[in-house]
Amino acid sequence: MATVQVSEAEKVYILHGIRDDLRVDGRGCEDYRHMEIETDVVSNTDGSAKVTLGHTAVLVGIKAEIGKPRPMVPNEGYLEFFVDCSANATPEFEGRGGEELGTELSNTLYRVFNNKHSLDLRSLCISPGEHCWVLYVDVLLLQCDGNLYDAMSVAIKAALFNTKIPRVNISSDDEGGKEIELSDDPFDCMRLDVENVPCIVTLCKVGHRHVVDATLQEKACSVASLLISVTHKGAVTCARKVGGGSLDPESVFEMTEAGKRVGKALHAPLMALLRQEESLGMKRHKVGFLG
Amino acid sequence: MLKSKTFVKKTRSGGVMKVVREHYLRDDIWCGSEVCTECKQESTVLQEDACIESNLCSYPHYLVPDTNVVLHQIDVLEDPVIRNVIILQTVLQEVRHRSAPVYKRLKDIIHEKEKHFYTFTNEHHRETFIEREPGESANDRNDRAIRVAVKWYNNHLNTLKSGPGGLKVVLLTNDQGNKQKGQEEIEEYIKSLIANPELVDRLALSDDNKNEITSSKVLFPEHLPLSKIQAGIKSGSFLQGTFRASRDNYLEATVFVQGQGEDSTEILIQGLQNLNRSVHQDVVAVQLLPQNQWVSPSSVVLQDDGTAKDDNVDKDEEEKVLKLSAAEAARKPTGKVVGIIKRNWRPFCGMLNVSQIKESTRHLFTPADRRIPRIRIETRQAATLAGQRIMVAIDGWPKDSRYPNGHFVRSLGSAGEKGTEEEVLLLEHDVPHQAFSQAVLSFLPKMPWTITPEDMAKREDLRHLTVCSVDPPGCTDIDDALHCRELENGNLEVGVHIADVSHFIRPGNALDKEAANRGTTVYLCGKRIDMVPELLSSNLCSLRSNVERFAFSCIWEMNKKAEVLKTRFTKSVINSKASLTYAEAQMRIDDTSKNDDITESLRGLNKLAKILKRQRIENGALTLSSLEVRFHIDSETHDPIDLQTKELMETNSMVEEFMLLANISVAQKIYEEFPECALLRKHPAPPPSNYDILIKAAKSKKVEIHIDSAKALADSLDVAKVDGFAYFNTLLRILATRCMMQAVYFCSGMDSDFHHYGLASPIYTHFTSPIRRYADIIVHRLLAAAIAADSTYPDLMDKHKQSALCTNLNYRHKMSQYAQRASVAFHTQLFFKTRGILNEEGFVLFVRKNAIIVLIPKFGLEGTVFFDTKDKVPPSLVFDEEGPTLKVEQHTFHIFDQVKVTISLDSSNIQHQKIRMALTEPVIPDVSVPAPEAEPQAKKQKLDR
């Protein structure tokens with residue numbers, strides 16, 4: 001993970017600030033940095049979103065392809081994740097530098113998102129046991145400035161919201177052979193229900209307190225952090241501890257509570273924003289990457 | 001400005017792919033009008049005074065046809081009257097998508113300068129590009145794009161600085177929706193055009209008119225949609241095949257289903273309902289009927305010749321005839337057509353049956369090809385068109401109409417006239433006969449053409465040899481020449497020199513493609529349709545005497561026993577010393593007083609040829625016979641004034657022998673060098689059942705024919721003689737010819753059987769006539785590559801491409817033969833037209849159930865004598881298949897019987913004029929006719945001349 005070097009004096013300064021609920025950039029402990037979201041930014045995907053959080057920038061593209069359902073769950077589609085840590089984000093990712101991190105991130109994302117509680121996987125099924133939609137979720141890290149998980153999860157949720165899957169019909173002939181038929185209207189497509197898709201909230205233990213949306217400096221001061229994925233109702237669907245240090249049960253409990261609170265507060269404006277953008281339709285002025 | 005176009009498509013593996021294309025919009029697309037001062041265009045297409053006089057639009061205007069108008073009314077757009085038309089890119093793209101032939105015709109019109117057709121790339125114009133909206137179908141979007149473009153044009157022309165000149169743009173459409181938005185309908189528009197009444201006829205009938213034409217009763221079952229047909233073919237419940245209508249019975253057809261590999265089946269279709277609006281050559285889907293409904297093909301001749309029958313009135317009656325003849329025994333798989341996979345409609349030649357009701361504008365059209373149903377067309381000029389050969393295109397065949405609907409395309413000229421009939425037979429046999437295009441001509445060498453020193457360096461100089469050519473009289477495309485000389489070692493050197501056409505026709509250029517498409521030169525009586533432009537065929541490639549010409553030479557060293565000791569091939573330069581006719585060459589050989597080089601050379605060749613021929617015949621080559629006639633054509637009227645059968649001289653067979661030898665030598669060489677892609681010619685051995693008729697016929701004269709091998713057949717034909725019947729042998733050989741299979745070109749990599757049955761050669765190809773056959777050009781190229789005289793190119797070495805080429809060559813070859821025969825038949829008719837009724841001697845060639853087929857050796861003419869005529873009580877007919885014999889009243893006809901018949905021209909059906917024969921001897925009461933008194937004296941003189 002991209003890291004910065006922080007001197008002892010700086011550490012003390014940051015630590016003391018957080019103790020008093022005042023962070024270096026002026027935020028409180030449970031405040032996010034400024035976040036920008038734009039959907040439908042890559043035209044050759046079926047759904048895409050770009051999220052910037054402070055200086056962290058991620059781009060998510062979703063491609064829907066027809067595949068075969070997994071044998072254990074013949075009537076469900078599934079998601080595949082791939083995280084590309086581009087060397088644009090930080091020079092450390094150059095060559096194969098980002099590979100390990102990429103694998104770790106995609107494994108976590110798979111755990112969080114690929115289950116029927118967060119997304120209705122049955123709606124991805126075309127014909128049980130034979131055809132289903134596979135959503136390839138490609139995450140591209142454009143810039144690293146801490147709190148990758150939260151930014152990625154928001155971007156994935158936005159991209160899933162934006163995803164338009166072409167509507168297909170299965171026509172079968174008398175011999176039982178099945179043929180997939182495609183509607184010729186490009187606007188005739190299926191949308192996903194993203195209501196229950198969780199967001200990840202990362203809480204960093206800094207000193208005796210914990211902060212959300214830690215910057216790289218704060219991260220350097222923390223020994224351990226907890227990832228919690230929270231749905232809009234505040235249900236925790238997944239939790240994971242990262243980092244070398246240890247957390248005592250009490251602070252785990254405290255952090256979970258804080259995560260639920262923050263997560264719930266994050267969902268409502270996110271969905272509102274996405275719906276508002278959607279309602280603009282084709283008239284929306286696209287910002288893209290140069291805006 | 002950049003836009004992107006997005007669409008989803010299905011991949012071949014069954015997946016779904018989203019495709020995004022970048023789409024650039026520009027603001028430098030000009031309107032193309034002469035009036036416009038704003039657009040910075042360099043040259044304009046559309047004229048300022050765009051006047052097509054029309055009642056509907058009295059102002060000057062440009063036309064914008066929509067896609068359907070272009071697709072259905074291309075015949076109208078092609079008319080010279082229609083000018084100043086804007087073709088939108090949207091329309092062009094849609095047309096290309098939906099019909100390749102129409103697209104090609106449209107492109108041709110656009111390229112024609114006088115038509116002033118302008119393509120406006122509205123899809124890339126900033127102001128006329130529109131994006132598809134949610135809920136809008138692709139068609140609606142295109143319609144909207146067309147309307148937007150028209151609107152833009154109107155605005156653009158109105159706001160000109162030079163002041164609006166009153167120019168408008170008119171959208172032509174057939175679409176009701178579009179019309180409501182204030183546009184013109186094509187039909188009304190065309191009708192409003194002043195002074196062009198004939199254009200209305202060219203309008204294709206559109207769907208909404210059909211209800212008026214036909215009764216509303218549904219006559220035919222609905223065709224299944226393509227998706228269902230495909231599913232059915234996949235599951236095996238339907239079969240896909242080519243529909244072949246019967247020539248003799250309009251209620252019957254077969255569908256030829258190509259199976260896996262060699263096996264293919266034929267399915268019989270009987271009855272109008274089951275034929276279900278299929279037209280000859282369509283690709284159809286067929287469903288087999290249950291076995292108890294299978295029938296046998298009827299042997300009745302049925303022609304749909306009632307005048308404009310009312311739909312469905314006597315349908316049952318017509319079909320009753322069929323049912324009766326369906327014998328229990330010879331039942332065949334029978335089916336019905338459930339859907340059409342691909343229509344293969346082309347414009348058909350034929351004639352109009354003028355409706356009996358005066359002032360009627362709807363008439364039936366009878367195509368020249370009997371396999372094509374009659375077509376209902378609408379025309380106001382029936383009176384002018386009657387008696388003319390016209391072309392008609394089919395527009396559609398609604399399920400409630402007895403006949404397909406079509407429209408008039410163009411007139412070819414009056415029926416019976418030579419030019420018209422020639423045109424008809426070329427069109428009907430699909431012989432490409434247009435003048436060579438400029439693109440093709442541009443690849444001809446520049447005149448004056450000379451041989452450069454570089455050319456000489458690459459070629460062997462054979463100018464010193466005494467080469468001469470021997471051809472039929474009047475031949476201008478001489479592609480072979482010969483020489484023979486004695487070598488110092490006592491052996492003979494024989495050379496066959498073939499015109500080096502491949503030097504002038506380089507692979508892949510327009511000239512080459514045109515020649516490959518034409519495939520062969522077609523010889524009609526008094527006319528030649530060249531495969532290559534005349535400059536090559538009659539000049540640069542023709543090995544005329546006393547000029548230096550490029551040749552591809554095949555040179556053998558032979559001993560006196562005509563055994564080939566050495567063979568070599570080389571590109572050369574020759575200078576022919578003489579172009580002789582067969583007769584001239586024969587005279588030189590026979591004239592003992594002549595001893596010049598040419599004559600000596602000819603004698604040497606003749607001697608060797610005789611030996612070669614003997615050897616070949618000993619190997620089992622067949623000498624078959626067919627009567628070929630030659631017309632003496634009047635030099636002014638070009639009418640045939642006499643006809644005689646071709647006679648063969650020794651020199652004919654001399655040239656033939658060496659050509660065969662050259663072909664075989666070349667075939668061996670190219671096969672050795674390119675075993676995968678040599679272009680060869682084979683002649684498959686016919687199946688034994690083909691010979692049945694020959695054996696039976698011979699048996700009736702107590703002669704036995706052995707068919708175990710070509711050799712046995714040749715030998716038994718040689719000994720077959722009947723005392724007092726000199727012509728018997730020739731007749732047998734004519735019959736044997738009919739038993740043979742077609743010889744075909746093929747690619748050595750795609751076949752394993754190379755045998756040439758007729759020539760008894762294990763391998764054969766065509767090398768000796770590159771001026772008139774494309775196959776020879778390919779063989780030349782292969783041979784040139786084999787001797788490293790020329791380079792190869794990818795297509796030459798691709799066996800699949802070669803194989804496809806062979807298919808075309810075989811098709812063209814067959815068609816050219818048919819065209820040739822049709823031309824001879826037509827000239828025969830012309831000949832008899834002026835002769836009145838003749839009485840001639842002939843032989844019975846075949847015996848049929850109700851007729852005998854008679855051959856008249858004098859004219860090489862074959863005709864049928866029917867015994868059951870419609871208007872008379874038929875005589876008692878007893879047909880015995882074993883003989884075969886036919887007993888008419890008291891007289892029994894056998895094959896080879898000598899009879900006398902009268903010959904006259906039957907022009908009761910002007911479209912199908914035919915030679916009618918009637919029996920005069922033997923005299924059978926009520927059947928035979930009296931011999932005509934004496935032939936008119938004047939005519940006779942002419943004949944004897």
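The coordinates are above.
Note that this is a predicted model, so its numbers are computed, not measured. (Residues numbered from 1 in each chain as written. Chains lettered and ligands numbered in written order. Predicted model: local features only at pLDDT ≥ 70, side-chain atom pairs only at ≥ 80, totals over all residues. Heavy atoms only, no water.)

A.B. asks: Which parts of the structure should I look at to understand the overall build of chain B?
C.D. replies: Scanning chain B for helices and strands turns up 28 helices and 37 strands. Carbon and sulfur atoms make up 50% of the accessible area of chain B, which amounts to about 45000 Å² in all. (Helix = DSSP H or I, 4+ residues; strand = E, 2+ residues; numbered from the N terminus. Areas by Shrake-Rupley, 256 points an atom, 1.4 Å probe, with all protein chains shown as cover.)

A.B. asks: In this structure, what is going on with empty space enclosed by the protein? I would like to understand it.
C.D. replies: Rolled over the atoms, a probe sized like a water molecule indicates the empty space that remains. Residues and elements named next belong to chain B. On inspection of all chains with the given rule, the structure shows five cavities of 30 Å³ or more. Of the pockets and cavities examined, the second largest cavity occupies roughly 70 Å³. Surrounding the second largest cavity, His429, Asp430, Val431, Pro432, Arg518, Thr520, Val522, Ile529, Asp530, Arg812, Met815 and Ser816 form its lining. Looking at the lining of the second largest cavity element by element, the count peaks at three residues for helix H27 (residues 799–833). (1 Å grid on protein atoms, 1.4 Å probe; cavity = no way out; pocket = protein on both sides within 12 Å on 5 of 7 lines; lining within 4 Å. Points joined across faces, edges and corners; volume = space filled by probe spheres on them.)

A.B. asks: Is there a simple way to explain the sheet that holds strand S32 (residues 861–866) of chain B in this structure?
C.D. replies: Where strands meet in a sheet, backbone hydrogen bonds hold them as pairs that are either parallel or antiparallel. All names here are of chain B. On the basis of which strands lie adjacent, the open sheet formed by five strands has the order S32-S31-S30-S36-S37 and antiparallel pairing. Strands at the two margins of the open sheet, each flanked by one partner only, are S32 and strand S37 (914–921). Neighbouring strand axes in the sheet, compared pairwise and without regard to direction, differ in orientation by 45° on average. When strand S30 (residues 838–847) meets strand S36 (residues 898–906), the two strands line up antiparallel, connected through six bridges. (Pairing = 2+ DSSP bridges. Axes fitted to C-alpha atoms, helices over the stretch in contact; angles between N-to-C directions.)

A.B. asks: Please explain the interface of chain B and chain A as it appears in this structure.
C.D. replies: Where the parts come together, the accessible area they lose is often given as the size of the interface. On the side of chain A, 21 residues touch chain B, which itself brings 17 residues to the contact. A buried area of about 1600 Å², summed over both sides, lies between chain B and chain A, and 59% of it is on carbon and sulfur atoms. When the buried area of chain B at its contact with chain A is split by residue, Val16, Lys18 and Arg132 of chain B rank highest and sum to 37% of it. Counting across the chain B and chain A interface gives zero salt bridges. Taken together, the connections running from chain B to chain A amount to two residue pairs in polar contact (both at pLDDT 80 or more). Mapped onto the side of chain B that touches chain A, the elements with two or more residues apiece are strand S1 (2–10), strand S2 (16–24) and helix H10 (226–235) of chain B. The biggest single contributor to the side of chain B that touches chain A is S1 of chain B, with five residues. Of the residues in the side of chain B that touches chain A, the class split is five nonpolar, five polar and seven charged. (Contact = heavy atoms within 4.5 Å. Buried area = accessible area lost by both parts, 1.4 Å probe. Salt bridge = Lys/Arg side-chain N within 4 Å of Asp/Glu carboxyl O. Polar contact = N/O pair within 3.5 Å; in protein donor to acceptor, adjacent residues only side chain to side chain. Nonpolar A, V, L, I, M, F, W, Y, C, P; charged D, E, K, R; others polar.)

A.B. asks: Just checking my understanding: could you explain the nonpolar core for this structure?
C.D. replies: Side chains that are nonpolar tend, in soluble globular proteins, to be buried together. Residue and element names in this part refer to chain B. Membership of the largest hydrophobic core comes to 88 residues, with the highest contact counts inside it found for Leu536, Trp556, Leu602, Met654, Phe658 and Tyr774. Here the element with the most residues in this core is helix H26 (residues 774–786); it accounts for ten residues. Look past the residues within four positions of Phe658 in its chain and what remains in contact with it is Leu482, Val494, Val496, Trp556, Met558, Leu605, Leu608, Ala609 and Leu612. (Core = buried A, V, L, I, M, F, W, Y, C linked by side-chain atoms within 4.5 Å. Buried < 20%, exposed > 50% of the residue type's maximum accessible area, 1.4 Å probe, protein only.)

A.B. asks: What is the right way to look at the packing of helix H20 (residues 582–590) of chain B against helix H21 (residues 597–618) of chain B in this model?
C.D. replies: Each pair of packed helices can be described by the angle between their axes along with the distance between the axes. Residue and element names in this part refer to chain B. Where H20 meets H21, the axes come as close as 9 Å, and the angle between the chain directions of the two elements is 95°. By the angle between their axes, H20 is roughly perpendicular relative to H21. In this structure, H20 contributes Ala585, Arg588 and Ile589 to the contact, and H21 contributes Ile598, Thr599, Leu602, Arg603 and Asn606. Broken down by class, the residue content of the contact of H20 with H21 amounts to four nonpolar, two polar and two charged. (Parallel < 35°, antiparallel > 145°, perpendicular 65-115°, else oblique.)

A.B. asks: How should I be thinking about the packing of aromatic side chains in this particular structure?
C.D. replies: Where two aromatic rings form a pair, the distance of their centres and the angle of their planes describe that pair. Residues and elements named next belong to chain B. Enumeration according to the criterion identifies ten aromatic pairs over all chains in this entry. Here Trp152 and Tyr153 contribute two aromatic rings whose centre-to-centre distance is 5.3 Å and whose plane-to-plane angle is 80°, an arrangement assigned as edge-to-face. The class of Trp152 is buried, set by a relative accessible area of 12%. Judged by relative accessible area, which is 0%, Tyr153 ranks as buried. Taking 5.4 Å as the distance between ring centres and 50° as the angle between the ring planes, the aromatic pair formed by Phe746 and Phe754 counts as tilted. You can call Phe746 buried: its relative accessible area is 7%. Residue classification places Phe754 among the buried positions, given a relative accessible area of 12%. A connected cluster of aromatic rings, assembled from ring pairs, spans Phe120, Trp152 and Tyr153. One residue, Arg459, lies across the ring of Phe550, its end atom 4.0 Å from the ring centre. The ring of Tyr745 is capped by Arg681, whose NZ or CZ atom sits 4.6 Å from the centre of that ring. (Phe/Tyr/Trp six-rings, centres within 6.5 Å; stacked < 30°, edge-to-face > 60°. Lys NZ or Arg CZ within 6 Å of the ring centre and 35° of its normal.)

A.B. asks: I would appreciate a short explanation of the pattern of salt bridges in the present structure.
C.D. replies: A side chain of one charge can pair with a side chain of the opposite charge if their charged atoms are brought near each other. In this structure the tally under the stated criterion is 49 salt bridges over all chains. The salt bridge partner of Arg23 of chain A is Glu218 of chain A, with a shortest N-O separation of 2.9 Å. Taken as a pair, Arg23 of chain A in the loop between helix H1 (8–19) and strand S1 (35–39) and Glu218 of chain A in helix H4 (residues 216–221) lie far apart in primary sequence, 195 residues in all. Across the pair, exposure class does not vary: Arg23 of chain A and Glu218 of chain A are buried alike. Ionic pairing is found between Glu123 of chain B and Arg141 of chain B, a salt bridge with its closest N-O pair at 3.0 Å. Of this pair, Glu123 of chain B sits in the loop between strand S5 (117–120) and helix H5 (138–158) while Arg141 of chain B sits in helix H5, placing them 18 residues apart in sequence. Each member of the pair Glu123 of chain B and Arg141 of chain B is classed as buried. Through salt bridges with shared partners, a single ionic network connects Asp25, Arg27, Arg33, Asp145 and Asp213 of chain A.

A.B. asks: Sorry, what's going on with the side chain of Asp480 of chain B here?
C.D. replies: All names here are of chain B. With respect to the element layout, Asp480 can be found in strand S20 (residues 480–486). Look at Asp480: it is buried, it has no salt bridge, and the nearest opposite charge is Arg772 at 6.4 Å. In this structure, Asp480 is in contact with Ser469, Val470, Asp471, His497, Ile498, Leu543, Val655, Met659 and Thr768, ignoring residues within four places of it in sequence. (Lys, Arg positive; Asp, Glu negative; His and termini not counted.)

A.B. asks: I'm lost on the sheet that holds strand S12 (residues 209–212) of chain A in this one. Help?
C.D. replies: All names here are of chain A. Strand order in the open sheet formed by four strands is S12-S11-S13-S14, and the pairing between neighbours is antiparallel. The open sheet has two edge strands, S12 and strand S14 (236–242), and neither has a second partner. Averaged over all neighbouring strand pairs, the angle between strand axes comes to 25°, with direction disregarded. Contacts from helix H2 (residues 99–113) reach strand S11 (199–206), strand S13 (224–230) and S14, with the element oriented near 155° to S14.

A.B. asks: Mind showing me how you'd approach the packing of helix H3 (residues 89–98) of chain B against H5 of chain B here?
C.D. replies: Residue and element names in this part refer to chain B. Two elements in contact, H3 and H5, have axes separated by 9 Å at closest approach and are oriented at 145°. Between H3 and H5, the contacting residues are Thr90, Val91 and Glu94 on the first element and Asn139, Arg141, Asn142, Ala145 and Ile146 on the second. Its residues assigned to classes, the contact of H3 with H5 comprises three nonpolar, three polar and two charged.

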